[in-house]
Amino acid sequence: EHYHTTMASPALSSVVVATSSSSSSAKVDREKVTPFLLRVFSKTGGHYSTGDFQVRGKEPAGEIQIYTWKDASLREITDLVKSINHAARFRNARLSFAFIFPDSKGRNILREVGTVHSSRGGPDDMKTLESLKFEV
């Protein structure tokens, strides 16, 4: 089963992902740095379309709100999603992550960023939001 996870920021109906001049991947001091709200929208069988996020307040149902930091890995986010969503716990589940963000003209763009297997490690597990150019 392929389980798709689309992430969006709390300020918009999409994730703001931009190229960052900062390439620092230093560990965040989670005792001192305030987490931000990551809006996660899950769907079995495929990602939501960019059109599903056009109207603020009418995003897809089943939103999962996660407070996290930029050094959070896709594995860490997967484990949080699994704690809430039963379908993501299946042994053969694969969570495919994508960011949805507006381009310079305000049109939403979908960018796939990695896939994490529910029950075993993989090459995308340790990708962090920061390394994927996620911006809050």
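Residues numbered from 1 in each chain as written. Predicted model: local features only at pLDDT ≥ 70, side-chain atom pairs only at ≥ 80, totals over all residues. Heavy atoms only, no water.

### A short note on the overall build of the chain
Item 1. Counting its secondary structure elements, the chain contains 1 helix and 5 strands.
Item 2. Starting at the N terminus, the α and β elements of the chain follow one another as β-β-β-α-β-β.
Item 3. The contacts in the chain between residues at least 6 apart in sequence include a share of 71% that link residues at least 24 apart.
Item 4. For the chain, the computed accessible surface area is about 7300 Å², with 52% contributed by carbon and sulfur atoms. (Helix = DSSP H or I, 4+ residues; strand = E, 2+ residues; numbered from the N terminus. Contact = heavy atoms within 4.5 Å. Areas by Shrake-Rupley, 256 points an atom, 1.4 Å probe, with all protein chains shown as cover.)

### What to know about the side chain of Asp-71
Item 1. Tracing the backbone through its elements, the reader meets Asp-71 in the loop between β3 (63–68) and α1 (74–84).
Item 2. Since its relative accessible area comes to 9%, Asp-71 is described here as buried.
Item 3. A polar atom in the side chain of Asp-71 sits 2.8 Å from the side chain of Arg-30. (Buried < 20%, exposed > 50% of the residue type's maximum accessible area, 1.4 Å probe, protein only. Polar contact = N/O pair within 3.5 Å; in protein donor to acceptor, adjacent residues only side chain to side chain.)

### Details of the side chain of Thr-128
Item 1. Mapped onto the elements, Thr-128 comes out in the segment after β5 (108–117).
Item 2. Those residues in contact with Thr-128 that lie beyond four places of it in its chain are Lys-70, Asp-71, Ala-72 and Ser-73.

### Details of the environment of Asp-71
Item 1. Sequence separation of Asp-71 and Thr-128 is 57 residues, and the distance between their C-alpha atoms is 5.3 Å.
Item 2. When residues no more than four places from it in sequence are discounted, the contact partners of Asp-71 are Lys-27, Val-28, Arg-30 and Thr-128.

### As for the pairing of strand β4 (residues 94–102)
Item 1. Within β4, 7 of the 9 residues are buried, which leaves the element mostly enclosed by the surrounding structure.
Item 2. Taken together, the 9 bridges between β4 and β5 define a ladder with antiparallel strand orientation. Its bridge partner lying in β5, Ser-96 is registered against Thr-115.
Item 3. Counted along the chain from β4 to the antiparallel partner β5, the turn is 5 residues long, and its residue Gly-106 has a positive phi close to 90 degrees. (Pairing = 2+ DSSP bridges.)

### A word on the confidence of the model for the chain
It should be kept in mind that the predicted coordinates are not to be read in detail where pLDDT is low.
Item 1. On average, the chain scores 82 in pLDDT, and the residues at 70 or more come to 81%.
Item 2. Per-element confidence in the chain is highest for α1, whose mean pLDDT is 94, and lowest for strand β1 (residues 2–8), whose mean pLDDT is 52.
Item 3. Every residue in residues 8–24 is under pLDDT 50, and counting partners more than four places away or in other chains gives 48 contacts. (pLDDT = per-residue confidence, 0-100.)

### A few points about unusual backbone geometry
Item 1. Its identity as a non-glycine residue notwithstanding, Lys-133 has a phi of 70 degrees, on the positive side.
Item 2. Within the secondary structure, Lys-133 sits in the segment after β5.

### As for the nonpolar core
Item 1. Leu-38, Ile-66, Ile-77, Val-81, Phe-97, Phe-99 and Leu-129 are the most contacted members of the largest nonpolar core, which totals 19 residues.
Item 2. If you tally residues by element for this core, the top one is β4, at 4 residues. (Core = buried A, V, L, I, M, F, W, Y, C linked by side-chain atoms within 4.5 Å.)

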